[in-house]
Amino acid sequence: MIGFFIALISGALMSIQGVFNTQVTKASTIWVASAFVQFTALLVCLGAWLCTDRSNLMGVLRVQPKYMLLGGAIGAFITYTVIKSMDMLGPARAVMLIVVAQLLVAYMIELLGWFGVEKQAWEWRKAIGMAVAIIGIIIFKWK
């Protein structure tokens, strides 16, 4: 149950962050805003590390396969695409599309067992759930 609430908090924070970052972009540029976001995230993470475990920072370099280390680079493009989509579509539409895209890709990763994730069997109820989410976007966007 705690994981459920953490996921809800995560979604709420992503929406708020997207709006904040879009506003910061209006005072600078998208890449400056993205760099600032990533830099402040680094500072918060280093501060949390100093206050908690203080494990070896270089331990991340032991990860295999090495392409798993690209999460931060992907994060920069996530920041960019969230800012652009919120600016162009508005927060509600952008977040709906982002969430459905996350759901579709996550399900594909599970189905195909990509990136070391345990392969899952096809389930009609999950496919129907995604279809309902897509229909919801169509209804939400319909004028």
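Residues numbered from 1 in each chain as written. Predicted model: local features only at pLDDT ≥ 70, side-chain atom pairs only at ≥ 80, totals over all residues. Heavy atoms only, no water.

**Examining helix α2 (residues 30-51)**
Between its first and last C-alpha, α2 extends 32 Å over 22 residues, near the 32 Å set by a 1.5 Å rise per residue. Among the residues of α2, those classed as buried are I30, A33, S34 and V37. Around the axis of α2, the buried residues are gathered within 100° of arc, so they sit on the same side. Residues of α2 that are buried make contact with α1 (2-27) and α3 (71-89). (Helix = DSSP H or I, 4+ residues; strand = E, 2+ residues; numbered from the N terminus. Expected span 1.5 Å × (residues − 1). Buried < 20%, exposed > 50% of the residue type's maximum accessible area, 1.4 Å probe, protein only. Arc of directions from axis to C-beta. Contact = heavy atoms within 4.5 Å.)

**Some details on the environment of A101**
In this fold, A101 is placed in helix α4 (residues 91-112). Taking the C-alpha atoms as reference points, A101 and M130, 29 residues apart in sequence, are found 9.8 Å from one another.

**Describing the confidence of the model for the protein chain**
Confidence along the protein chain averages 91 in pLDDT terms, with 99% of residues attaining 70 or more. Mean pLDDT values over the elements of the protein chain span from 89, in helix α5 (residues 124-141), up to 93, in α2. (pLDDT = per-residue confidence, 0-100.)

**What about the packing of α1 against α3?**
It is at 9 Å that the axes of α1 and α3 come closest, and there the two elements cross at 80°. By the criterion of interaxial angle, the relationship of α1 to α3 is roughly perpendicular. Contact residues: M14, S15, G18, V19, N21, T22, T25 and K26 in α1; T79, V82, I83, M86 and D87 in α3. A per-class count over the contact of α1 with α3 returns five nonpolar, six polar and two charged. (Axes fitted to C-alpha atoms, helices over the stretch in contact; angles between N-to-C directions. Parallel < 35°, antiparallel > 145°, perpendicular 65-115°, else oblique. Nonpolar A, V, L, I, M, F, W, Y, C, P; charged D, E, K, R; others polar.)

**A short note on the packing of aromatic side chains**
For the structure shown, the criterion picks out seven aromatic pairs. Ring plane angle 70° and centroid distance 6.2 Å describe the contact between W114 and F115, whose orientation is recorded as edge-to-face. Look at W114 and you get partly exposed, because its relative accessible area is 40%. The partly exposed category is assigned to F115, whose relative accessible area is 48%. Seen in terms of ring centroids, W122 and W124 are 5.5 Å apart; in terms of plane orientation they differ by 90°. Their pairing is edge-to-face. When its relative accessible area of 46% is taken as the criterion, W122 is described as partly exposed. (Phe/Tyr/Trp six-rings, centres within 6.5 Å; stacked < 30°, edge-to-face > 60°.)

**Here's the deal with the packing of α3 against α4**
Remark: α3 packs on α4, axes separated minimally by 7 Å, with the N-to-C direction vectors making an angle of 135°. On the basis of the axis angle, α3 is oblique to α4. Between α3 and α4 lies a crossing of right-handed hand. Along the contact surface, α3 presents V82, S85, M86 and L89, while α4 presents P91, R93, A94, V95, L97 and I98. Residues of the contact of α3 with α4, tallied by class, amount to eight nonpolar, one polar and one charged. (Left-handed = near helix turned anticlockwise from the far one by under 90°.)

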